Amino acid sequence: DLSSLHPRTAHHDRLYGGLLADGFDEESCHCRYQSAMYRRNPGRRPSPYLISKLRRHEALQRRCGPGTAAYSNALEQLKSGKSVASPECTYIVSISYRGIGNRILAAASAFLYAVLTGRVLLIDPSNEMDNLFCEPFPNTTWLLPPGFPLTAYTNFTVHTAESYGNMLKNKVIRSDEVPTAAQLPAFAYVHLNYDATVEDNYFFCDDDQRLLQRIQWLVMRTDNYIVPELFLVPAFQEELDMLFPERDAVFHHLGRYLFHPNNHVWGLVTRYYDTYLAAARQRVGIQVRVFGGMPDSPELLEQITTCTQREGLLPEVLAAGEPMILPAASRTKSKAVLVTSLRSWYYEKLKSMYWEHATATGEVVSMHQPSHEEYQRSGARSHEHKAWAEIYLLSLTDVLVTSGRSTFGYVAQGLAGVRPWVLYKSGNSSAVPDPPCGRDVSMEPCFHKPPGYDCRLKQWGDPSKYVPYLQHCDDASWGLKLV
Ligand code: GDP
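The text that follows walks through the structure, step by step, so that each part is easy to find. (Residues numbered from 1 in each chain as written. Predicted model: local features only at pLDDT ≥ 70, side-chain atom pairs only at ≥ 80, totals over all residues. Heavy atoms only, no water.)

**Comments concerning the nonpolar core**
Core analysis: the biggest nonpolar cluster contains 101 residues, and F111, L112, W142, F244, V250, F259 and W388 have the highest contact counts within it. If one sorts the elements of this core by residue count, helix α5 (residues 100–117) sits on top with twelve residues. Discounting chain neighbours no more than four positions away, the residues touching F259 are I104, A107, A108, F133, W142, F251, L254, W388 and Y392. In terms of nonpolar packing, the next biggest core, distinct from the first, is built from 25 residues, V339, Y346, M353 and W421 among them. (Core = buried A, V, L, I, M, F, W, Y, C linked by side-chain atoms within 4.5 Å. Buried < 20%, exposed > 50% of the residue type's maximum accessible area, 1.4 Å probe, protein only. Helix = DSSP H or I, 4+ residues; strand = E, 2+ residues; numbered from the N terminus. Contact = heavy atoms within 4.5 Å.)

**Section: the pattern of salt bridges**
Enumeration over the complete set of coordinates arrives at 22 salt bridges. Ionic pairing is found between K79 and E76, a salt bridge with its closest N-O pair at 3.3 Å. Of the two residues, K79 and E76 are both situated in helix α4 (residues 69–80); the distance of three residues between them amounts to about one turn of the helix. Its salt-bridge partner being R343, residue E374 comes within 3.8 Å of it at the nearest N-O pair. In this pair, E374 is assigned in the loop between β7 (364–368) and α14 (381–394) and R343 in the loop between β6 (334–341) and α13 (345–356), connecting sequence segments 31 residues apart. Members of the salt-bridge network, linked through shared partners, are R44, E246 and D248. (Salt bridge = Lys/Arg side-chain N within 4 Å of Asp/Glu carboxyl O.)

**Regarding the site of the ligand**
Around the ligand, the surrounding shell holds 17 residues, and the nearest of these are N102, R289, H383, S406 and T407. Between the ligand and G101 there is a distance of 2.8 Å, counted from an oxygen atom to a backbone nitrogen or oxygen. The contact in question runs from an oxygen atom of the ligand to an N or O atom on the side chain of N102, over 2.4 Å. Contact with the protein chains covers 96% of the free accessible surface of the ligand, which is 560 Å². Looking at the shell around the ligand, the elements with two or more residues in it are α5, β6, α14 and α15 (407–416). The greatest single-element share of the shell around the ligand, amounting to four residues, is contributed by α14. (Near = heavy atom within 4 Å. Polar contact = N/O pair within 3.5 Å; in protein donor to acceptor, adjacent residues only side chain to side chain. Areas by Shrake-Rupley, 256 points an atom, 1.4 Å probe, with all protein chains shown as cover.)

**A short note on the sheet that holds strand β2 (residues 120–123)**
Judged by pairing direction, the sheet is parallel, and its four strands sit side by side in the order β2-β1-β4-β3 without closing on themselves. The sheet terminates laterally at β2 and β3 (187–191), the two strands that pair on one side only. Strand-to-strand twist of the sheet, defined as the mean angle between neighbouring strand axes without regard to direction, takes the value 20 degrees. In this structure, β3 lies alongside strand β4 (residues 217–221), joined through five bridges in parallel fashion. Looking across to β4, one finds that F187 is bridged to W217. Sheet strands in contact with α5 are β1 (91–94), β2 and β4, and its direction is about 175 degrees off that of β1. (Pairing = 2+ DSSP bridges. Axes fitted to C-alpha atoms, helices over the stretch in contact; angles between N-to-C directions.)

**Focus on the environment of T154**
The topology assignment puts T154 in the loop between β2 and α6 (164–169). In this structure T154 comes out as partly exposed when scored by relative accessible area, which is 30%. Setting aside anything within four residues of it in sequence, one finds T154 in contact with D124, S126 and R221.

**What to know about the pairing of β3**
Judged by how many residues are buried, β3 sits mostly within the fold: five of five residues are covered. Residue alternation in β3 divides its side chains into two sets, F187, Y189 and H191 and A188 and V190, and both sets are buried. The β-α-β motif built from β3, the intervening helix α7 (residues 206–212) and the parallel element β4 has right-handed crossover chirality. (Right-handed = clockwise from strand over helix to strand, strands pointing away.)

**Details of the sheet that holds strand β9 (residues 421–423)**
Strand pairing in a sheet relies on backbone hydrogen bonds, with the paired strands running either antiparallel or parallel. Pairing is mixed across the open sheet formed by six strands, whose spatial order is β7-β6-β5-β8-β9-β10. Looking at strand neighbours, the two that pair on one side only are β7 and β10 (437–439), the edges of this open sheet. Going from strand to strand, the sheet's axes swing by 20 degrees on average, the running direction of each strand aside. Of the strand pairs in this sheet, strand β5 (residues 282–288) and strand β8 (residues 399–403) are connected by three bridges, and their pairing is parallel. What sits directly across from V284, in β8, is V399. Lying over the sheet, α13 contacts β5, β6 and β7, oriented at roughly 160 degrees with respect to β7.

And the structure:
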């Protein structure tokens, strides 16, 4: 019984207040039953409505998912290329591409859309998406099985003729009249990528949703967190209000519900945590997002030290030779810092600083960096495992410092349930931004490329001006986030 080893289990609900379904084989996914006791911050409570909706959605995934008669029928329909009047089950396939942060936000977005529209979610297994997570739904799989009839779906782009935007533009379908089933295609490709066109973005309009609702198969590509924009679709608003009475905790719940490191990654997480982070009084996570080929930046290092010391996250250090006059007792107060980065230079510098100088408070500061992979190698198995383990480790820290505009950091802050201090990007790389960082307004990820088109008013507009729960992001001024 783990509760005797970890007394915190007693008051931590292992299943996050009913967010997670019980009834999984514990051996198949240790994280599912153990992660709550690694979290000091229990996080927000899911609404009873969200919990019941998730249980109903799990039943839908079981009833219609791979291996069922309904799934075989739907595949036959797709192969025929023809639409059917009232399909038993409808589906959305979420394409997995770019870095793991992008892929997680895409999957979470597709999942919420699936829940709102009663579709079965199927995840494209590309880029190791079939090798990082436990299955989220009991007794079925969320992975798209091999042999999918749309063989080239991972290559769909903004130019694909079957994209919803192109079908509208080319009048293959129209959203202003009611087509018969025979006039509808068997599938549509929904392109909500950074380069989505005006027509692609009509996806977020009510009339278009009515039409899309009648198409049995959707294949979606996004590299972003489109959820804030779903809150602007009138047809979804009432349901979203009931599911998420706290609008700043949407990804927090979706993330904790969907993304459990598989046993291999969970081993990476727990061995590291138990060895380097568990004993400290406080854990501080610092995510330093750098890009391959970028030189190590003394300005970014200074930004990190100024931010963490000015905000009181890490102690200041004394000049060399200054006497330590603090009582020995303060030395027992320790902070463990988890640095994640593709490079090791920032970590080495920070570690040396706290070795070569005493802290002004007498606190003991230890620095740890699990890996430094040098270059982004998305899709390479051990690289992906480390990236996911590091995101998860960041999410187990008590205080987070993240790099602006990074989806890697967004996932960590959402799983953690904390508002991070965000290191702003300087416009000028040779200057330290002032202030060096700021406290984020919410733990939600930022949607970097919202369409900005208001379907009700049929004109361009800024929803942050009239929707109280949407704001522009501090780290991407044109982006939108839930607060
Ligand atoms: P974003 O590009 O910052 O929005 O985040 P993504 O996760 O989508 O893409 C960045 C990718 O680079 C990650 O998925 C990793 O493959 C790699 N990467 C970036 N930073 C780190 C890091 O701190 N640790 C590790 N292990 N990998 C990283």
